Amino acid sequence: IMAQIRKSKAMVAEYCDNRFGVYFEHGFAEGLGLPVLLTCPKYEIENNTIHFDVRQFNFIDWADHDDLRRRLQTRIERILGPGPLVPDVPEVSGS
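Cut-off values and rules
Residues numbered from 1 in each chain as written. Predicted model: local features only at pLDDT ≥ 70, side-chain atom pairs only at ≥ 80, totals over all residues. Heavy atoms only, no water. Helix = DSSP H or I, 4+ residues; strand = E, 2+ residues; numbered from the N terminus. Buried < 20%, exposed > 50% of the residue type's maximum accessible area, 1.4 Å probe, protein only. Contact = heavy atoms within 4.5 Å. Areas by Shrake-Rupley, 256 points an atom, 1.4 Å probe, with all protein chains shown as cover. Pairing = 2+ DSSP bridges. Axes fitted to C-alpha atoms, helices over the stretch in contact; angles between N-to-C directions. Salt bridge = Lys/Arg side-chain N within 4 Å of Asp/Glu carboxyl O. Polar contact = N/O pair within 3.5 Å; in protein donor to acceptor, adjacent residues only side chain to side chain. Phe/Tyr/Trp six-rings, centres within 6.5 Å; stacked < 30°, edge-to-face > 60°.

### Describing the overall build of the protein chain
From N to C terminus, the protein chain includes four helices and three strands. Each helix and strand of the protein chain, placed in order from N terminus to C terminus, yields the pattern α-β-α-β-α-β-α. Taking all 95 residues of the protein chain together, the buried fraction comes to 27%. Excluding contacts between residues fewer than 6 apart, the proportion of contacts in the protein chain whose partners are at least 24 apart in sequence is 51%. Total accessible area computed for the protein chain in this model is approximately 7,000 Å², and 56% of it derives from carbon and sulfur atoms.

Shown next, in the form of structure tokens:
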């Protein structure tokens, strides 16, 4: 995981269900100067289960996976730009 973080332009840290490794990975990425996008399900915010050490950060608190995808894409584009366009791939004919 650490090698993959080193190769990255940014990191998404998903804070759900108290997975404690994410705290280390988040800190490691921050220490490398990478932008870290924090996400968690809305119920984690509503139930106040996010650890106090990270509550002050700007989380993407998502309602469902479509909400997460849309909001994460928006945040990534604001931080890193829209990225390269992927050209249409021509269909390969069977003959």
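### Some remarks on the sheet that holds strand E3 (residues 59-62)
Spatially, the three strands line up as an open sheet ordered E1-E2-E3, and their pairing is parallel. Edge positions in the sheet fall to strand E1 (11-14) and E3, since each of these pairs with one other strand and no more. Across this sheet, the average inter-strand angle for adjacent strands is 25°, counted without regard to direction. The strands that helix H4 (residues 65-80) touches are E1, strand E2 (36-41) and E3; relative to E3, the one it contacts most, it runs at about 160°.

### So, the pattern of salt bridges
Pairing is possible between side chains of opposite charge, provided their charged atoms come close. Tallied over the entire structure, the rule returns four salt bridges. Linking lysine 42 and aspartate 61 is a salt bridge whose minimum nitrogen-to-oxygen distance equals 3.7 Å. Of the two residues, lysine 42 sits in helix H3 (residues 42-46) while aspartate 61 sits in strand E3, which places them 19 residues apart along the sequence. Among the ionic pairs, aspartate 61 bridges to arginine 71, the shortest N-O distance being 3.4 Å. Of this pair, aspartate 61 sits in strand E3 while arginine 71 sits in helix H4; the two residues are ten residues apart in sequence, bridging distant segments of the chain.

### What to know about the side chain of glutamate 14
With respect to the helices and strands, glutamate 14 occurs in strand E1. Of note is the side chain of glutamate 14, whose polar atom sits 3.3 Å from the side chain of tryptophan 62. Excluding residues within four positions of it along the chain, glutamate 14 makes contact with Arg19, Val22, Thr39, Cys40, Pro41 and Trp62.

### Considering the packing of aromatic side chains
Within the structure shown, the criterion is met by four aromatic pairs. Of the aromatic side chains, those joined through ring pairs into one cluster are Tyr15, Phe20, Tyr23 and Phe59.

### Looking at the side chain of histidine 26
In this structure, histidine 26 sits in helix H2 (residues 21-31). In this structure histidine 26 touches Met11, Ala13, Tyr15, Val36, Leu38, Val54 and Phe57, once residues within four positions along its chain are discounted.

### Brief notes about the environment of glutamate 30
Note on placement: glutamate 30 falls in helix H2. Separated by 20 residues in sequence, glutamate 30 and alanine 10 place their C-alpha atoms 9.5 Å apart.

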